[in-house]
Amino acid sequence: MRGAVLYAPGDVRVEEREHPAITAPTDAIIRVSATCVCGSDLWDYRGVNEVTQPTPAGHEYVGVVTEIGAEVKNIKVGDFVVGSFFASDNTCEICEAGYQSRCAHAEFVGAGGAQSEYLRVPLADGTLVATPGMPDDDLIPSLLAASDVLGTGWFGAVAAEVGPGKTVAVVGDGAVGLLAVLAAKQLGAERIIAMSRHASRQQLAREFGATDIVEERGDEGVARIKELTGGYGAHSVIEAVGTQESMMQAIRSTRPGGHVGYVGVAHGVELPGEEVFFAEVHLHGGPAPVRRFLPELIQLIWDREIDPGKVFDLTLPLDEAAEGFKAMDERRAIKTLLKP
């Protein structure tokens, strides 16, 4: 089968890889209908994370089940499924509390490289969710978004306690930040402030429900949020970048007693203890337990109540994965969808 492999920073190749096989009775094999490049993939692509050997790329996927292990009961061959980037049994105490990304038996599905024609999914019963039927082609991008960026933006909003009557600020205008705007709108936020300097992303943020755009960053961005909120700061702030600047901007934009939901993969983030102590804000986040939200998100997409697939502004065949990475790295694309 064909699959994308990251050899070194800036070096993505699509080559013949071994076809995945059932290795445990709880596995499933899927034929990938659509996959994509994630903003978090760029940490490796840019060399921020060390790449020491050729590594299969990708962790977002939807597709059709072609084979199941002997112990798989909830998923059957022929199902169209959506899964999370973390495999989970969905039965341990952590999963039952809603944190499937920290399942006691979690496995990173991306280790198999989802940017490929086929993928082995461990713990299939706890990881995969079947759609009500075979989806129309135009729904596939949105279902793919649910596999990570929609679920992650949704978790950011839930972690930030977004709800009716609240003012929400979103730090980051990548796919996760934009879909955090969509989530905030769905969860009933009264006012949604998107922080973005890019016209195309600002336009999509408004389509998803943003009421205000703030272009300033850092201390200037914080001052602008305070200005828009009567000096108090936002009730809920979603951090969707993962840098020191974005995290501090999120914390400083939050009013005392407010909530920060942080879902940007942290790189070099160190919190100043004294400032955090006196800020009196709630901090909650981490790798999104996407599996918790999949049934609800799939139904919203299936019923065409939301269209998160709009974040894919570049679609390429799998063999052109390298261009998909490059376009996102150069900010020529918000998110690249790859068709095997």
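Look a little higher up for the structure.
In this report, the structure presented in the accompanying data block is examined. (Residues numbered from 1 in each chain as written. Predicted model: local features only at pLDDT ≥ 70, side-chain atom pairs only at ≥ 80, totals over all residues. Heavy atoms only, no water.)

**Looking at the overall build of the protein**
What the protein contains, in helices and strands, is 12 helices and 18 strands. Since a compact globule built from 340 residues should have a radius of gyration of about 20 Å, the 19 Å found for the protein is in line with a globular shape. With the C-alpha coordinates aligned to their principal axes, the bounding extent of the protein is approximately 60 × 40 × 40 Å. Considering only residue pairs separated by 6 or more positions, the protein has 68% of its internal contacts joining residues 24 or more positions apart. Entry remark: accessible area of the protein is about 14,100 Å², with carbon and sulfur atoms responsible for 48%. One finds the centroid of the 29 positive side-chain charges in the protein at a distance of 4 Å from the centroid of its 48 negative side-chain charges. (Helix = DSSP H or I, 4+ residues; strand = E, 2+ residues; numbered from the N terminus. Rg over C-alpha atoms; globule rule 2.2 N^0.38 Å. Contact = heavy atoms within 4.5 Å. Areas by Shrake-Rupley, 256 points an atom, 1.4 Å probe, with all protein chains shown as cover. Lys, Arg positive; Asp, Glu negative; His and termini not counted. Charge placed at Lys NZ, Arg CZ, Asp CG, Glu CD.)

**Concerning the packing of helix 8 (residues 218-228) against helix 9 (residues 244-252)**
At a minimum axis separation of 9 Å, helix 8 and helix 9 run at an interaxial angle of 25°. With respect to helix 9, the element helix 8 is oriented roughly parallel. The two elements helix 8 and helix 9 meet at a crossing, and its hand is right-handed. Contact residues: Gly218, Asp219, Val222 and Lys226 in helix 8; Glu245, Gln249 and Arg252 in helix 9. The residue inventory of the contact of helix 8 with helix 9, partitioned by class, reads 1 nonpolar, 2 polar and 4 charged. (Axes fitted to C-alpha atoms, helices over the stretch in contact; angles between N-to-C directions. Parallel < 35°, antiparallel > 145°, perpendicular 65-115°, else oblique. Left-handed = near helix turned anticlockwise from the far one by under 90°. Nonpolar A, V, L, I, M, F, W, Y, C, P; charged D, E, K, R; others polar.)

**What to know about the side chain of Gln115**
Following the sequence through the fold, Gln115 ends up in the loop between strand 8 (107-108) and strand 9 (118-121). Owing to a relative accessible area of 0%, Gln115 belongs among the buried residues under this scheme. A distance of 3.1 Å separates the side chain of Gln115 from the backbone oxygen of Cys36, its partner in a polar contact. If near-sequence neighbours (up to four positions away) are discounted, Gln115 is found in contact with Gly3, Ala4, Thr35, Cys36, Val37, Asp41, Ala57, Gly58, Leu318, Ala321, Phe325 and Leu338. (Buried < 20%, exposed > 50% of the residue type's maximum accessible area, 1.4 Å probe, protein only. Polar contact = N/O pair within 3.5 Å; in protein donor to acceptor, adjacent residues only side chain to side chain.)

**Quick look at the environment of Ile68**
Residue placement: Ile68 occurs in strand 5 (residues 61-68). Sequence separation between Ile68 and Ala28 is 40 residues, and the spatial gap between their C-alpha atoms is 4.3 Å. Those residues in contact with Ile68, other than ones at most four positions away along the chain, are Ile22, Asp27, Ala28, Ile75, Lys76 and Val77.

**With respect to the sheet that holds strand 2 (residues 11-16)**
Ordered in space as 2-1-4, the 3 strands form an open sheet in which the pairing is antiparallel. With partners counted over all chains shown, the strands left at the sheet margins are strand 2 and strand 4 (55-56), one partner each. In the sheet, strand 1 (residues 2-8) pairs with strand 2 via 6 bridges, with the strands oriented antiparallel. Within the sheet, the bridge partner assigned to Val5 lies in strand 2 and is Arg13. (Pairing = 2+ DSSP bridges.)

**Some words on the pairing of strand 15 (residues 254-262)**
Sheet faces and side chains relate simply in a regular strand, where the side chains alternate between the two faces. When strand 14 (residues 234-239) meets strand 15, the two strands line up parallel, connected through 5 bridges. By the bridge assignment for strand 15, Ile238 is matched with Gly261. The β-α-β motif built from strand 14, the intervening helix 9 and the parallel element strand 15 has right-handed crossover chirality. In the classification by handedness, the crossover that spans strand 15, the intervening helix 10 (residues 273-279) and the parallel strand 16 (residues 282-285) is right-handed. (Right-handed = clockwise from strand over helix to strand, strands pointing away.)

**A short note on the sheet that holds strand 13 (residues 212-214)**
With respect to topology, 6 strands assemble into an open sheet ordered 13-12-11-14-15-16, the strand pairing being parallel. The two strands at the open ends of the sheet, each matched to only one other strand, are strand 13 and strand 16. The average angle at which neighbouring strand axes cross in this sheet is 20°, direction not considered. Sheet analysis places strand 11 (residues 167-171) next to strand 14, joined by 4 bridges and oriented parallel. When the sheet's bridge partners are listed, Val168 is paired in strand 14 with Ser236.

**Focus: helix 12 (residues 321-329)**
The periodicity of an α-helix, 3.6 residues per turn, causes residues three or four positions apart to be oriented the same way. For helix 12, the complete set of buried residues consists of Ala321, Gly324, Phe325, Ala327 and Met328. On an axial view of helix 12, the arc spanned by its buried residues comes to 165°, and they lie on one face. In this fold, the buried residues of helix 12 make contact with strand 1, strand 2, helix 1 (41-45), strand 17 (314-317) and strand 18 (336-339). Positive backbone phi, at 60°, marks Arg331, one or two positions downstream of helix 12. (Arc of directions from axis to C-beta.)

**Re the nonpolar core**
Counting 58 residues, the largest nonpolar core has Leu150 and Ile238 as the members making the most contacts within it. If near-sequence neighbours (up to four positions away) are discounted, Leu150 is found in contact with Ala145, Leu179, Leu182, Leu297, Ile301, Ile306 and Pro308. With 17 residues, the next largest nonpolar core counts Val12, Val51, Leu318 and Phe325 among its residues. (Core = buried A, V, L, I, M, F, W, Y, C linked by side-chain atoms within 4.5 Å.)

**Quick notes on the side chain of Asp173**
Relative to the assigned elements, Asp173 resides in the loop between strand 11 and helix 6 (175-186). Among the polar contacts listed, one links the side chain of Asp173 to the side chain of Ser196, at a separation of 2.7 Å. At 3.0 Å, the side chain of Asp173 forms a polar contact with the side chain of Arg331.

**Some thoughts on the packing of helix 5 (residues 149-159) against helix 11 (residues 290-302)**
Orientation of helix 5 relative to helix 11, taken along the N-to-C sense of each, is 110°, at an axis distance of 10 Å. As judged from the angle between their axes, helix 5 and helix 11 are roughly perpendicular. Packed against helix 5, whose contacting residues are Leu150, Gly151, Thr152, Trp154, Phe155 and Val158, the element helix 11 presents Val290, Arg292, Phe293, Glu296, Leu297, Leu300 and Ile301 at the interface. Of the residues belonging to the contact of helix 5 with helix 11, the class tally is 9 nonpolar, 2 polar and 2 charged.

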